[in-house]
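# Working through the structure, step by step
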Number of protein chains: 2
Amino acid sequence: MKPTIYNVAEQAGVSIATVSKVINNTGRISDKTKKKVLKVMKELNYQPSVVASALTGKRTQTIGLLIPNIANPFFAEIARSMEDRAHELGFSVVMCSTDYQQEKEEKYISLLIRKQVDGFILASGFKSTHLIEELVKQKIPVALIAHDIASLSLDTVSVDDYKGGYQAVSHLASLGHERISIIAEEVRSNDDRIRGYQDALEAYGLIFDSSLLTRTASTVDAGKQEAERLLRLKERPTAIFASNDILAIGAIQGARACGLSVPEDISIVGFDNTILATISDPPLTTVAQPVHDMGRHVMDLLVEEIEGKKTMKQRMMLSPELVVRNSTAAPLIR
Amino acid sequence: MKPTIYNVAEQAGVSIATVSKVINNTGRISDKTKKKVLKVMKELNYQPSVVASALTGKRTQTIGLLIPNIANPFFAEIARSMEDRAHELGFSVVMCSTDYQQEKEEKYISLLIRKQVDGFILASGFKSTHLIEELVKQKIPVALIAHDIASLSLDTVSVDDYKGGYQAVSHLASLGHERISIIAEEVRSNDDRIRGYQDALEAYGLIFDSSLLTRTASTVDAGKQEAERLLRLKERPTAIFASNDILAIGAIQGARACGLSVPEDISIVGFDNTILATISDPPLTTVAQPVHDMGRHVMDLLVEEIEGKKTMKQRMMLSPELVVRNSTAAPLIR
DNA sequence: CTGAAAGCGCTAACAA
DNA sequence: TTGTTAGCGCTTTCAG
């Protein structure tokens, strides 16, 4: 059997209260007995039970992470950064892929509540706002990553999507492109990227042509289809801003399918700067989200919340950064 | 406060024992009281505490997953399939990325033991064999995925690496390639892929040239470097078998850096069939691991073990399957 | 068919 | 400085 606090107490000739105190470093214990207890714990290879301690009202030291899909590189990379920070702070993370289904969101939240997780991190794509309100009502700490919900006052870490869109399009416009198309994903965060796109156009004196704006699901194929469609327009764009790397890679494929080469005939910029951007051919110019910082910061916010050393909810909006690679160039003179 | 079993007992006018029985569907309860209790549970929105029940010796319904890095697409995809099956079976999974560091392996295992996970799944790249033995000794269920440890009798689901290597190289040889190189990752599972490579060569009457065999770390850059080196050999290979998609993509880049085009001048095949293979340019011919089945099967094995309905450890070796895309072709006649 | 009561391993007053 | 004790929320005999 695994040793319990009773075993070490007995072995050390003290009470369980004393053992508990040395485990948690609380109360005042003489050096001598402390040393003795520590020694016995080591000898018995005693590991305090988190379960038992959680039952007395302490934390489970685990946090629930709800993301759309861990198999998506962007989310996997964010998850990794959160996991690392969580471990540094003494927490474990249980992962739940929701596939954007409210049914799963609900199921996993209630499951994790029963398991007494100390808090939740909800990634972009989380739809069930009413569940968040419920959590707040139950005083369960929640933080948002990679999206913001204006109507709710929550700890939030997101990226400045407007700025990201603006940067991407400015880059293209400053290269000399005048017909710039956008392929956006069908999610809320993309609204800001689109606004950034529009404002950048305007800043460069370009007119916004709604036939150059298209929204679709986030798959390589969808990106390819849309790009092909756009490139078959009578007045085709010379540049495409895709709202994530997957769509951008689809767009590259679409361009090639139309017999165009990237970046000579058409420039393409993505968003996220996932591993996909580095291995694409040509390497993708893309707007990088500071994934590492984002993960670290939400976890910090959430844990502070959990440990009660916070008075206010905090929203952090980090800046994206354009990473120029080889999928963009000046348009050919024609 | 969250309602407890006492609240519902009181509200329903029965004892907590009765409530417990209806929760767990144990013992014999009259339909009438059962219905009443159920009703009260619903009214109070009662959720039994997993923590409390775990303390009485029941399961925590959570399993620990140790993988090298969730940000690596191959592991992310496997993790996803395991997560799905776990949820279907009523378990949660907590993820731990070990970065191939024994220090982390040890830390996470001991952490999860304290949290009373019901079992562990250790993915390829797990090094600390002694820790596994320790788990076995403590009667904690363990299963292995994507690798096998011959010396240990464990539930294991892996892929036939030998066969995968054989398939990859057979494909190349049957296309007419005679100088086939291999870039392998520095991990044990790759030994079998190399044996498959060698045997396939022999089967096609080709001689094994050790200068065409190289081992390296698994990064795009390493793949590129090695490919460049190989392609600068006086008698350069006309095909490269890379032992995973990342290396293969690096190899494609290396080939291009040497002014060669894929697959016209050089054929390249990868391994894993991750998302990377589908977005690479050209799309990568690669050996697919049946990730979905693998995840499902380990989880099934582990859970059976956890629930004690198993008498023997089981090893499953699934077959890989060659997926032919556009990175391979017959060599040019010269 | 139902309930009383003894734990599960640990924490936190409160005494001593 | 150390120990006694009453829970935490649930499961499980064992009586009734």
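First, a word on what this report is: a plain description of the structure on this page. (Residues numbered from 1 in each chain as written. Chains lettered and ligands numbered in written order. Predicted model: local features only at pLDDT ≥ 70, side-chain atom pairs only at ≥ 80, totals over all residues. Heavy atoms only, no water.)

## Quick notes on the environment of Gln47 of chain B
Residue and element names in this part refer to chain B. Relative to the helices and strands, Gln47 is located in the loop between α3 (31-44) and α4 (50-55). For Gln47, a relative accessible area of 22% corresponds to the partly exposed category. The sequence separation of Gln47 and Thr4 amounts to 43 residues, and the corresponding C-alpha distance is 7.9 Å. (Helix = DSSP H or I, 4+ residues; strand = E, 2+ residues; numbered from the N terminus. Buried < 20%, exposed > 50% of the residue type's maximum accessible area, 1.4 Å probe, protein only.)

## Details of the nonpolar core
Within the largest apolar cluster, 58 residues are counted, with the highest numbers of intra-cluster contacts made by Ile121 and Ile145 of chain A together with Ile121 and Ile145 of chain B. With near-sequence residues (within four places) excluded, Ile145 of chain A lies in contact with Ile78, Met82, Ile121, Leu122, Ala123, Ser124, Val157, Met294, Gly295 and Val298 of chain A. Formed by 40 residues, the second largest nonpolar core is a distinct cluster that contains Tyr108, Leu122, Ile132 and Leu154 of chain A. (Core = buried A, V, L, I, M, F, W, Y, C linked by side-chain atoms within 4.5 Å. Contact = heavy atoms within 4.5 Å.)

## Description of the side chain of Asp118 of chain A
Residues and elements named next belong to chain A. Along the chain, Asp118 turns up in the loop between α6 (102-114) and β3 (119-123). Polar side-chain contacts of Asp118 include one of 2.6 Å to the backbone nitrogen of Gln61. In contact with Asp118, not counting residues within four places along its chain, are Arg59, Thr60, Gln61, Thr62, Phe91, Pro141 and Ile306. (Polar contact = N/O pair within 3.5 Å; in protein donor to acceptor, adjacent residues only side chain to side chain.)

## Concerning the protein's contact with DNA strand C
Near DNA strand C lie 25 residues; those nearest to it are Ile5 and Tyr46 of chain A together with Thr18, Lys21 and Thr33 of chain B. Among the atoms of DNA strand C lying within 4 Å of the protein, the sugar-phosphate backbone contributes 70%. In this structure, a phosphate oxygen belonging to DNA strand C sits 2.4 Å away from a side-chain N or O atom of Tyr46 of chain A. Ala52 of chain A has a polar backbone atom sitting 3.3 Å from a base nitrogen of DNA strand C. Here the surface near DNA strand C takes four residues from helix α2 (residues 16-24) of chain A, the largest share from any one element. In the surface near DNA strand C, the residues fall into eleven nonpolar, eleven polar and three charged. (Near = heavy atom within 4 Å. Nonpolar A, V, L, I, M, F, W, Y, C, P; charged D, E, K, R; others polar.)

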